[in-house]
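Structural characterization, general
Here is what each chain is made of, one letter per residue.
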Amino acid sequence: MLVLDYKTLMLIDKFIDNSVQLCLSSKVVLNCSSLRNKKVKLVERMEEEEEAITRSLLLKQKLDSNHQWSSTSDHGGMQLSESSSTTTSIVVLSTLVAVCGSFTFGSAVGYSSPSESGIEDELGLTLAEYSIFGSILTIGGMLGAIFSGKIADFIGRKGAMGVSEIFCILGWLAIVFSTDVWWLDLGRFLVGCGIGVLSYVVPVYISEITSKNVRGAFTSLSELMIGCGKALTFLIGSLVNWRTVALIAIIPCLVHLLGLLFIPESPRWLAKCGRLKEFEAMLQILRGENADISQEAADIIEYIENLRWISEDGALHLFQGKYAYSVMVAVGLMAFQEFGGLNGFSFYTSSIFELAGFSSMIGIIAAAVVQILMTTLGVLLIDKCGRRPLLMISTAGTCLGCVLTGFSFFLQDLQIGKEVIPILVLIGVLVYLGSFELGMGGIPWIIMSEIFPINIKSSAGSLVTLVNWMCSWVVSYAFNYLFEWSSAGTFFIFAVICGMGIIFINKLIPETKGRTLEEIQASFTHIQQ
């Protein structure tokens, strides 16, 4: 049987279209219906070819799960699609450089909580003005998210990270030298634009350069560095002036910019751009000088070439049936991540402790330590336990943390148990933040970077990141007002949302551990076919 590739099929399709149009325009008496029938059969053939591609990738996944090493014999052999199971030093270096952007992200998120009293006292901000300052970071994040995918596709993953850090540096400088609320908000907005792009491109870059056996752990380092950035900013902000904290926050931006000069570009992005020689060179560097990359390179190129003829990159294609499940999973995870109360706990940690009568200094230090420890635990477990179990445990823990925190403020409203309320609030906040960092903090970003085919990754990534920042803005802006309305009710609302998140994860989130990106993307598309 003759097997035609997609390029040939598309050329035949175009020829038939032109032939039919020629028949109609010249009014030649021909039986054009036969040509139309041939086109219908051709379209059916193309759909069968696409289905065959998906089935072959799923079969490869099943075979790989049964053969964890390459085996050869006189009757043939089997090779894993990943060229090497070892992790090279350049992959480690590239990941460490990339997650400097995550540290920048964490510094920006953790800045507002310890700086609140200093900024309000020095610049005379009202509650409403500080709420705007806290939430305008997310507005900048939304704008960055809208263009994140296109920027990363146009100038590459490295270029996108570099542009992001320039925005962050300009923003921090504006905060350092601000004399009124306008400069303060402008600086916060610019930082938001920068981290809006970083929140997309960092996990995508790491997922595209690592092999499947370490992809989850390495991508989780992004969340670990976000936690370290928040924790260190918490601690420094408790000790020094808010302007000094902003000046110190520029340091990781500069480290990231310098580090980008010494790491390779994403091979998958190079392959998508048709730069095949550079693609093979970068893949060889990442996998090691003596590694055999032929099978992995062939799989990546074949998959990308096939996708070129299936559909083009564009926002409207996201709503096709075959991509609907992927979009629903990614958007749903981002919505539950933010509406579960993250920015309420992160941005206003000191306010929560002070209202409960607990030392904000001790509370912030304890929160920082717990976040780092639990994020580290998540990094160690993600490629052993898988994404789905950690997500379930994490979401259940955040629900419990919200219930404990809400219950403590409920007791405070009733003026009961004044002795235990501070300790109960501390436990609730630590349970929430620790549980969040274990899974819900980083895994949604990992799954987002894994499930979208490269032909829609920029549009889908921008959409998902935009949804995340929109939800983040809603929570960060509304939290102060909700807290004034009912401190207990606010956390009970978050608890209900976290409970809904448990159901969502249980019903809809599959496991992606131990599979190549091409296998994961094929399986998600296959569900809709």
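Residues numbered from 1 in each chain as written. Predicted model: local features only at pLDDT ≥ 70, side-chain atom pairs only at ≥ 80, totals over all residues. Heavy atoms only, no water.

Broken down by element type, the chain carries 22 helices and two strands. Accessible surface computed for the chain: about 22,000 Å², of which carbon and sulfur atoms make up 68%. (Helix = DSSP H or I, 4+ residues; strand = E, 2+ residues; numbered from the N terminus. Areas by Shrake-Rupley, 256 points an atom, 1.4 Å probe, with all protein chains shown as cover.)

Its 20 residues give helix 18 (residues 421–440) an end-to-end C-alpha distance of 27 Å, which sits within 8% of 28 Å, the value for a rise of 1.5 Å per residue. In terms of residue burial, helix 18 counts as a mostly covered element, since 17 of its 20 residues are buried. (Expected span 1.5 Å × (residues − 1). Buried < 20%, exposed > 50% of the residue type's maximum accessible area, 1.4 Å probe, protein only.)

For the rest of this paragraph, the subject is the packing of aromatic side chains. Summed over the entire model, instances satisfying the criterion amount to 17 aromatic pairs. Judged by centre distance (5.2 Å) and plane angle (75°), the rings of Tyr 111 and Trp 172 are edge-to-face. Of this pair, Tyr 111 sits in helix 4 (residues 100–123) while Trp 172 is found in helix 5 (residues 127–176), placing the two residues 61 residues apart along the sequence. Residues Tyr 111 and Trp 172 agree in their burial class; the two are buried. On the basis of an interplanar angle of 10° and a centroid distance of 5.6 Å, the ring pair of Trp 473 and Tyr 477 is categorised as stacked. With Trp 473 and Tyr 477 both in helix 20 (residues 457–485), this residue pair falls four residues apart, about one helical turn. These aromatic residues form a ring-pair network of at least three members: Phe 345, Phe 409, Tyr 432, Phe 436, Phe 479, Phe 483, Phe 491 and Phe 494. (Phe/Tyr/Trp six-rings, centres within 6.5 Å; stacked < 30°, edge-to-face > 60°.)

Moving on, we get to the environment of Phe 504. Note that Phe 504 resides in helix 21 (residues 487–508). Spatially, the C-alpha atom of Phe 504 lies 8.4 Å from that of Leu 333, the residues being 171 residues apart in sequence.

It is worth spelling out the confidence of the model for the chain at this point. Across the chain, pLDDT averages 82, with 80% of residues at or above 70. Across residues 1–10, confidence stays below pLDDT 50; counting only partners more than four residues off in sequence or on other chains, it has 22 contacts. A low-confidence stretch, residues 22–32 (pLDDT under 50), is modelled with five contacts involving residues beyond four sequence positions or located in other chains. (pLDDT = per-residue confidence, 0-100. Contact = heavy atoms within 4.5 Å.)

Before going further, it helps to examine the side chain of Thr 138. Along the polypeptide, Thr 138 turns up in helix 5. Apart from residues lying up to four places away in sequence, Thr 138 is in contact with Asn 343, Trp 469, Ser 472, Trp 473 and Ser 476.

Looking at the element boundaries, Asn 480 is found in helix 20. According to the relative accessible area criterion, Asn 480 is buried, its value standing at 8%. The contacts of Asn 480, once residues within four sequence positions are left out, are Leu 127, Ser 131 and Tyr 348.

Moving on, we come to the packing of helix 3 (residues 89–98) against helix 4. Two numbers describe how helix 3 lies on helix 4: the axes approach to 4 Å, and their chain directions differ by 20°. With respect to helix 4, the axis of helix 3 lies roughly parallel. In this structure, helix 3 contributes Leu 96, Val 97 and Ala 98 to the contact, and helix 4 contributes Cys 100, Gly 101 and Ser 102. In terms of residue class, the contact of helix 3 with helix 4 is made up of four nonpolar, two polar and no charged. (Axes fitted to C-alpha atoms, helices over the stretch in contact; angles between N-to-C directions. Parallel < 35°, antiparallel > 145°, perpendicular 65-115°, else oblique. Nonpolar A, V, L, I, M, F, W, Y, C, P; charged D, E, K, R; others polar.)

Ranked by size, the top nonpolar core spans 114 residues in total, and within it Tyr 111, Trp 172, Ile 195, Val 201, Ile 352 and Phe 452 carry the most contacts. Beyond its immediate sequence surroundings of up to four residues, Trp 172 is in contact with Ser 107, Ala 108, Tyr 111, Val 191, Ala 246, Ala 249, Ile 250 and Cys 253. Grouped together as the second largest cluster of nonpolar side chains are ten residues, Trp 269, Leu 283, Ile 293 and Ile 304 included. (Core = buried A, V, L, I, M, F, W, Y, C linked by side-chain atoms within 4.5 Å.)

Let's shift gears to the environment of Cys 193. If you trace the backbone, Cys 193 turns up in helix 6 (residues 181–209). On the accessibility criterion, Cys 193 (8% relative accessible area) is buried. Between the alpha carbons of Cys 193 and Gly 140 there is a distance of 4.3 Å; along the sequence they are 53 residues apart. Those residues in contact with Cys 193 that sit more than four places away from it in its chain are Gly 140, Gly 141, Leu 143, Gly 144 and Phe 167.

Here the structure, examined in full by the defined rule, presents eleven salt bridges. Ionic pairing is found between Arg 157 and Asp 153, a salt bridge with its closest N-O pair at 3.0 Å. With Arg 157 and Asp 153 both in helix 5 and four residues apart, the pair spans about one turn of that helix. Across the pair Lys 457 and Glu 208 runs a salt bridge whose closest N-O atoms are separated by 3.4 Å. Of the two residues, Lys 457 sits in helix 20 while Glu 208 sits in helix 6, which places them 249 residues apart along the sequence. Bridged by salt links that share partners, the residues Asp 153, Arg 157, Glu 208, Lys 272 and Lys 457 form one connected network. (Salt bridge = Lys/Arg side-chain N within 4 Å of Asp/Glu carboxyl O.)

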